Amino acid sequence: MKEALIRMVFNSKIMTTALFNKTCIIILMLVLFSACSKPKQLGSKLKDNLEQSSFSIEHGNKIISNRFMFTKFIGEDSLLYYEYTDRAFYIFDLKSRVLNDFLKFEIDGPNSMEEQVLGFDKVGDQYAILSLNYISFSDENSQIVKRKPVNQFLNNMDDPTVSRITSFKALNENELYLSQSPRAVRAPFENKGSNPPIFATYKINEDSIEASSIYSPEETLINDDTKGFYGSLSQHFFILNNNSIVFNFQFSPSIYRYSLKRKQLTQFDGKTTRFPETTEPFPANKYKDPAYLVKHLVQNGTRFSNIEYDAENDIYIRYASRKTFNEELKKSNYELYLQIFDSGFNNIIEQEILIRGKPEVYLSKNFIYMIEVGSSQTDENATKFTKFDLRQIK
């Protein structure tokens, strides 16, 4: 049963966009041009109107704290969830709507797992798991077969060249593509002109890491904190798509695409009607002021989520949110929007989400899933999801 579940989750295939008939291109150029424009026109008509529905998955006898320290969408309809309290990975089957056991590690010992997990992917017949201090490789029976220490910050915080690995994606059975957060993201300090690469490749068999030539963009301010400081908001999300790296930051609407073939970085402004600007940085000398940080980062500010690519519709998807603190009412007003961009990163849909949901994109064929949180998550024995239907924009 477990082997069948693993095959079902990790061997799912994403359908690619069908090619246009070459004969039609030659004979009916104008008609085809009109047809090619239809998805964007349809998207405009459907602005703020993607159909959505909700459902719940019961936990049974499993302990699910709903803190969602780490989740990842895998396969076509499965959400991997790490429960830190018992060091277990579960799978929410969003199609059958059941919760399944997957991997269970120990709190201590040779098969232990750290409390904080940052990344997960299948590599050959093993699973690579990134935690705060290690990349661990596990078999399907939750036995750790290899570990690599990866926390360069340990006893080394004064070195401006060090980075922390924050996520990764498997390229093949021997290579992981790593996302790295420079030391200057953690706290402002004299960078001494150093600008560490934000991506690298880890070769598993050789146990070596090769840095990329992609660096933090100027707007992150990590090399000039006289203009302000973003802290952890200047960490980045990324995906690999069509021989390119597409990445973005929590504080900025900008979207970046780096061509691995041409070694060229292109910036797209990613601005929309409702989110035309970056969030405001705070003074670097305030990074140790808890009262100020609560007001500036927790109660106010704009955030942008991870971005995902839907090959079926040739679109990119992310969330954008905004908090504005009302001094009179002593509470924050929270707004959340689903944003959809075409392949040129032009915004075609921006839909307000009226439920409380986790702003992380879980993309399957034809649907976007969202985990409901806060006041929307009312049953402690079940996890509630909202599903957005992408079939309307075809």
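Residues numbered from 1 in each chain as written. Predicted model: local features only at pLDDT ≥ 70, side-chain atom pairs only at ≥ 80, totals over all residues. Heavy atoms only, no water.

Take the side chain of Ser 138 next. With respect to the helices, strands and loops of the structure, Ser 138 is situated in strand E8 (residues 134-138). In contact with Ser 138, not counting residues within four places along its chain, are Phe 105, Gln 126, Tyr 127, Ile 129, Gln 143 and Ile 144. (Helix = DSSP H or I, 4+ residues; strand = E, 2+ residues; numbered from the N terminus. Contact = heavy atoms within 4.5 Å.)

A separate point is the confidence of the model for the chain. With 84% of its residues at a pLDDT of 70 or more, the chain has an overall mean of 85. The model gives residues 1-47 a pLDDT under 50, and that stretch makes 51 contacts with residues more than four places away or in other chains. (pLDDT = per-residue confidence, 0-100.)

Counted residue by residue, strand E10 (residues 163-170) has six buried out of eight residues, so it is predominantly covered. Relative to strand E11 (residues 175-182), E10 is paired through seven bridges, and the arrangement is antiparallel. Its bridge partner being in E11, Ala 170 is matched across the sheet by Leu 176. The loop that links E10 with its antiparallel partner E11 comprises four residues. (Buried < 20%, exposed > 50% of the residue type's maximum accessible area, 1.4 Å probe, protein only. Pairing = 2+ DSSP bridges.)

Before going further, it helps to spend a moment on the side chain of Ser 259. Considering the arrangement of structural elements, one finds Ser 259 in strand E16 (residues 255-259). Using a relative accessible area of 6% as the deciding quantity, one classes Ser 259 as buried. The residues contacting Ser 259, other than those within four sequence positions of it, are Asn 243, Ser 244 and Gln 264.

With that out of the way, let us pick up the pattern of salt bridges. This model, assessed by the stated rule, comprises nine salt bridges. Across the pair Arg 274 and Glu 350 runs a salt bridge whose closest N-O atoms are separated by 3.4 Å. Highlighted residues: Arg 274 in the loop between strand E17 (264-268) and helix H5 (290-298) and Glu 350 in strand E22 (residues 347-352), separated in sequence by 76 residues. The class of Arg 274 is partly exposed, set by a relative accessible area of 32%. The closest approach of N and O atoms between Glu 335 and Arg 322, which form a salt bridge, is 3.2 Å. Taken as a pair, Glu 335 in strand E21 (residues 331-341) and Arg 322 in strand E20 (residues 315-326) lie far apart in primary sequence, 13 residues in all. With respect to burial, Glu 335 and Arg 322 carry one shared label: buried. (Salt bridge = Lys/Arg side-chain N within 4 Å of Asp/Glu carboxyl O.)

Before going further, it helps to spend a moment on unusual backbone geometry. The phi dihedral of Arg 87 is positive, around 55°, even though this residue is not glycine. By the secondary structure assignment, Arg 87 is in the loop between strand E3 (78-83) and strand E4 (88-93). Residue Ser 142 is not a glycine yet carries a positive backbone phi of 65°. In this structure, Ser 142 sits in the loop between E8 and strand E9 (144-149). Ser 142 gets classed as buried once you look at its relative accessible area, which sits at 7%.

Turning to the environment of Ser 179, a few remarks are in order. Here Ser 179 lies in strand E11. What makes Ser 179 buried here is its relative accessible area of 0%. When the C-alpha atoms of Ser 179 and Ile 165 are compared, they prove to be 5.7 Å apart, with 14 residues separating the residues in sequence. Each residue touching Ser 179, except ones within four places of it in the same chain, is listed here: Arg 164, Ile 165, Thr 166, Ser 167, Ile 198, Phe 199, His 236 and Phe 238.

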